[in-house]
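Take a look at the letters that make up each chain.
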Amino acid sequence: MTAEQTTSPSPATESRAATDRPDGTPHDPYLWLEDVEGDEALAWVRARNAEVADTLETADEFAATERAIREVLDSDAKIPEVSKIGDRYYNFWRDAQHERGVWRRTTLESYRTDDPEWETVLDLDALAAAEGESWVWHGASVLRPTPEQLAAGEPWRHALVELSPGGSDADVTREFDLVEKRFVAPEDGGFHRTEAKGSLGWIDADTVYVFTDFGEGTLTPSGYPRVVKRWTRGTPLDAAVTVYEGTDEDMYISAWRSHTPGFERDFVHRSKAFYSDELYLAERTGTPEQRLTKIDVPDSAEVGVRREWLLVELRDDWTVGGATYRAGSLLAARFDDFLAGDRGFTVLFEPTATTSLAGATWTRHHLVVNVLDDVKNRLHVLTPPDAGGAVGQEAADAPWVRSEIPGLPALGTVAVGAVDPVDTDDLWLVTTDYLTPTTLSLLSLGEHPGDAGAPEVVKSNPAFFDADGMTVAQHFATSDDGTRVPYFVVGRADLVAGTGDGGTGTGTAPTLLYGYGGFEISLTPAYSGALGRAWLSQGGVYVVANIRGGGEYGPAWHQAALKANRHRAYEDFAAVARDLVARGITTPEHLGMEGRSNGGLLAGNMLTQYPELFGAVIVGVPLLDMRRYTKLLAGASWAAEYGDPDDPEQWEFIRTFSPYHLFDAEREYPPVLFTTSTKDDRVHPGHARKLAAKMLGEGKDVTYYENIEGGHGGAANNAQAAHMAAVHYRFLAERLG
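Please read these numbers as outputs of a predicted model, since none were measured by experiment.

About the criteria used
Residues numbered from 1 in each chain as written. Predicted model: local features only at pLDDT ≥ 70, side-chain atom pairs only at ≥ 80, totals over all residues. Heavy atoms only, no water. Helix = DSSP H or I, 4+ residues; strand = E, 2+ residues; numbered from the N terminus. Buried < 20%, exposed > 50% of the residue type's maximum accessible area, 1.4 Å probe, protein only. Contact = heavy atoms within 4.5 Å. Areas by Shrake-Rupley, 256 points an atom, 1.4 Å probe, with all protein chains shown as cover. Lys, Arg positive; Asp, Glu negative; His and termini not counted. Charge placed at Lys NZ, Arg CZ, Asp CG, Glu CD. Salt bridge = Lys/Arg side-chain N within 4 Å of Asp/Glu carboxyl O. Axes fitted to C-alpha atoms, helices over the stretch in contact; angles between N-to-C directions. Parallel < 35°, antiparallel > 145°, perpendicular 65-115°, else oblique. Left-handed = near helix turned anticlockwise from the far one by under 90°. Nonpolar A, V, L, I, M, F, W, Y, C, P; charged D, E, K, R; others polar. Expected span 1.5 Å × (residues − 1). Arc of directions from axis to C-beta. 1 Å grid on protein atoms, 1.4 Å probe; cavity = no way out; pocket = protein on both sides within 12 Å on 5 of 7 lines; lining within 4 Å. Points joined across faces, edges and corners; volume = space filled by probe spheres on them. Polar contact = N/O pair within 3.5 Å; in protein donor to acceptor, adjacent residues only side chain to side chain. Phe/Tyr/Trp six-rings, centres within 6.5 Å; stacked < 30°, edge-to-face > 60°. Lys NZ or Arg CZ within 6 Å of the ring centre and 35° of its normal. Pairing = 2+ DSSP bridges.

Overview of the overall build of the protein
Reasoning step 1: When helices and strands are tallied, the protein shows 18 helices and 39 strands.
Reasoning step 2: Overall, the protein is about 75 × 60 × 55 Å in size when its C-alpha atoms are taken along their principal axes.
Reasoning step 3: Burial status across the protein gives 57% buried among its 737 residues.
Reasoning step 4: The contacts in the protein between residues at least 6 apart in sequence include a share of 58% that link residues at least 24 apart.
Reasoning step 5: Accessible area of the protein: about 29200 Å², with a carbon and sulfur share of 48%.
Reasoning step 6: If the 66 positive side-chain charges of the protein are averaged to one point and the 114 negative ones to another, these points end up 1 Å apart.

Quick notes on the pattern of salt bridges
Reasoning step 1: For the structure shown, the criterion picks out 46 salt bridges.
Reasoning step 2: Asp266 serves as the salt-bridge partner of Arg257, at 2.9 Å between the closest nitrogen and oxygen.
Reasoning step 3: The class of Arg257 is partly exposed, set by a relative accessible area of 25%.
Reasoning step 4: Residue Asp266 is classed as buried on the basis of its relative accessible area of 7%.

Points about the packing of helix α2 (residues 39–54) against helix α17 (residues 686–697)
Reasoning step 1: Packing of α2 against α17 brings their axes to within 12 Å, and their N-to-C directions diverge by 65°. It follows from the interaxial angle that α2 and α17 lie roughly perpendicular. For the crossing formed where α2 meets α17, the hand is left-handed. Contacts between α2 and α17 pair Ala41, Leu42, Trp44, Val45 and Arg48 from the former with Arg689, Ala692, Ala693 and Leu696 from the latter.
Reasoning step 2: Of the residues assigned to the contact of α2 with α17, the class counts are seven nonpolar, no polar and two charged.

Considering α2
Turn by turn, an α-helix covers 3.6 residues, leaving residues three or four places apart pointing in a common direction.
Reasoning step 1: An ideal rise of 1.5 Å per residue puts 22 Å on 16 residues; α2 measures up with 22 Å between its terminal C-alpha atoms.
Reasoning step 2: When α2 is considered as a whole, its buried residues turn out to be Ala41, Leu42, Trp44, Val45, Arg48, Asn49 and Val52. In a view along the axis of α2, the buried residues occupy a sector of 155°, so they form one face of it. Seen from the open side of α2, the exposed residues pointing more than 90 degrees away from its buried face are Asp39, Arg46 and Asp54.
Reasoning step 3: Residues of α2 that are buried in the fold lie against α17, β39 (702–707) and α18 (718–736).

Re the layout of surface pockets
Reasoning step 1: Of the volumes computed, that of the second largest pocket is approximately 640 Å³.
Reasoning step 2: Lining of the second largest pocket is provided by 36 residues; of these, Glu313, Gly328, Leu357, Glu520 and Pro555 occupy positions nearest its centre.
Reasoning step 3: Elements represented by at least two residues in the lining of the second largest pocket include exactly β18 (302–306), β19 (309–313), β24 (355–362), β25 (367–373) and α11 (555–559).
Reasoning step 4: Ranked by the residues each element gives to the lining of the second largest pocket, the list is headed by β24, at six residues.
Reasoning step 5: In the lining of the second largest pocket, the residues fall into 19 nonpolar, nine polar and eight charged.

Concerning the side chain of Thr383
Reasoning step 1: Its location among the elements puts Thr383 in strand β26 (residues 377–383).
Reasoning step 2: Only 2.7 Å separates the side chain of Thr383 from the side chain of His366, close enough to count as a polar contact.
Reasoning step 3: Not counting chain neighbours up to four residues away, the residues in contact with Thr383 comprise His365, His366, Pro399, Trp400, Val401 and Pro449.

Considering the packing of aromatic side chains
Reasoning step 1: Enumeration over the complete set of coordinates arrives at 32 aromatic pairs.
Reasoning step 2: Look at Tyr111 and Trp428: their rings are 6.2 Å apart centre to centre, the planes differ by 80°, and that puts the pair in the edge-to-face class. Highlighted residues: Tyr111 in helix α4 (residues 108–111) and Trp428 in strand β29 (residues 426–432), separated in sequence by 317 residues.
Reasoning step 3: Residue classification places Trp428 among the buried positions, given a relative accessible area of 9%.
Reasoning step 4: The ring centre of Trp93 lies 4.7 Å from the NZ or CZ of Lys78, which sits over that ring.
Reasoning step 5: Directly above the ring of Phe338 sits Arg343, whose terminal nitrogen or CZ lies 3.7 Å from the centroid.

Describing the side chain of His728
Reasoning step 1: Here His728 shows up in helix α18.
Reasoning step 2: Setting aside residues up to four positions removed in sequence, His728 forms contacts with Glu594, Arg596, Ile618, Leu673 and Thr675.

Notes on unusual backbone geometry
Reasoning step 1: For Asp374, which is not glycine, the phi torsion reads 50° and is therefore positive.
Reasoning step 2: Note on Asp374: relative accessible area 14%, which makes it buried.
Reasoning step 3: For Lys563, which is not glycine, the phi torsion reads 50° and is therefore positive.
Reasoning step 4: Mapped onto the elements of the fold, Lys563 is located in the loop between α11 and α12 (567–582).
Reasoning step 5: By relative accessible area, which is 32% here, Lys563 ends up partly exposed.

Focus: the sheet that holds strand β27 (residues 401–404)
Reasoning step 1: As summarised here, the arrangement of the four strands in space is β24-β25-β26-β27, forming an open sheet in which the pairing is antiparallel. Among the strands making up the open sheet, the edge pair consists of β24 and β27. Taking each pair of neighbouring strands and ignoring which way they run, the sheet shows an average axis angle of 30°.
Reasoning step 2: Note: β26 against β27, four bridges, orientation antiparallel. Directly across from Leu382, in β27, lies its bridge partner Arg402.

As far as function goes, none of this settles anything; it's purely spatial.
This is how it looks when you write it as structure tokens:
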């Protein structure tokens, strides 16, 4: 294919495109770019990447930016996040010497030191070299020995390691021996799941649940498992016994066992769609006596079972047992009482106009509730009552004792993790904000959390950039319908102040506005050494918009921008852009924006609907063709968020936020950078390819970069991540001044 042909439909595939849709809808002249690894499509990709190499990457500033970011990503001074497995603390680590990463372990005593002594468990670089695969770490699950085994001194041995070739969502699962530090080969009886979307989960040392691609008809329309089976060691996969089979309209089927001593239970999870799930208590799975009992709560609710407790987080109002509980609430009941028919609940959290539930974490004796209050975290410790023989409403009315955790920041993000929820009340606390390096602390709640004292700082990230003279501010913009939309502004104090109200800013600060606005995901403050070095330290201002569609104010904030109301998310983002100009922080010519994944759809709509507001736009791993998104990879699973384009009535509103169809060749657009990954098997790279090609064909200012590896995250290792980030920041610097 010649360079000229790369911006026009491929002659070899135009006839296929013309007959793609039998319903008579217009053919797509760029459909050939959906052939992910087709020769013509990849030739087009390589030509675009070569253009980036010949332009952005040639400047001295590009190499300096890439090097500065790589230093952050490879730094040995970063906090190594750990998970407690037995008496060891495990960490997966990437740096300059371990490009693909190393799984390693140490003791808590050593971890507390400045230079822990790490024992290598699995070297992914060595494995990749030996096997000729570009392995990317997807995690590991370890079987907890039984109390009898622990009493006998048996070690934590059995692990299931998940590895992805090139970073795709599809991966393999291989059994690994933690004592001998080697994979257990299938011929030696080891469990091995071939490449597919799915997983394995331990039942006991010789049995797992397996949900994967078993062959024709065993995947959902979204490409996820539709069948879960019980698989015994030493038997072929086709001998595994079916536990549950979903319908061809479901999204994902899975199963797992809870190994909490004394409360061992099996569950089957049926995900019918985003925000619609069923959970079943599974007994005697894989036998003729198998019984599945549905946990009778609304399908839109999130359910958790821990020891004797059932937790229910509501997305919609629920009337049950003579009471009505509000959407966004967290409810608790004794699990066995609930199964017996009692419907008395304790309300552990109820949202207000400014608060929402960010999470709930169990320790051995307590529940830590993490609340967002105007996008700032607040923690509360709730201690459940003793059983005392009470049942029904009497049990539900027994008070949970509330305590607070002292010494936490007033502004910023606080994340919580249990060190070992089976045996201890110890907590990991991670605190961060835009200008304060992340700190990891350890807190022992003990029997009386109110007397726990201040957390012990264990690790802190270094300051990767000089934040002296910088500040963080939170403002609120007013959207088209009057909704108050929060956003954070970060940068040099004089620039953040703008020119209004006596501010001393220039009013033309290069500004990057970031957003997401989907799937009830909240954007909270976080420290980024790469952002600080490549943008803030260069005089840029960074802004994060907490628009509707996210989870910052709970389910209602998310639901306000679903389907036909999607426009509200885009109106919110546009309102923030205008507010930045009104405050004298920047101008449209100096304002850039970026979004990735669902945020890439946001970016596509900012580009096509609000081009006058921006001087540059970055569209990352995006959805853009909303006519075909349900036909591409995992797209069918997102119909609950966006709607079904094959339904004519729903297409009428979906077309109003489909950037691929909103593009108007006669309109002026700001410079745009599209980025994606060939290995992205979640959001199809064809979305970015097609709109980029369409705009290039009309002579628009388009830059396109596609990483050959990386999956939906865009990069498979630190080198690729640094390179991709440098492309982003240099594009913005050159376009925004």
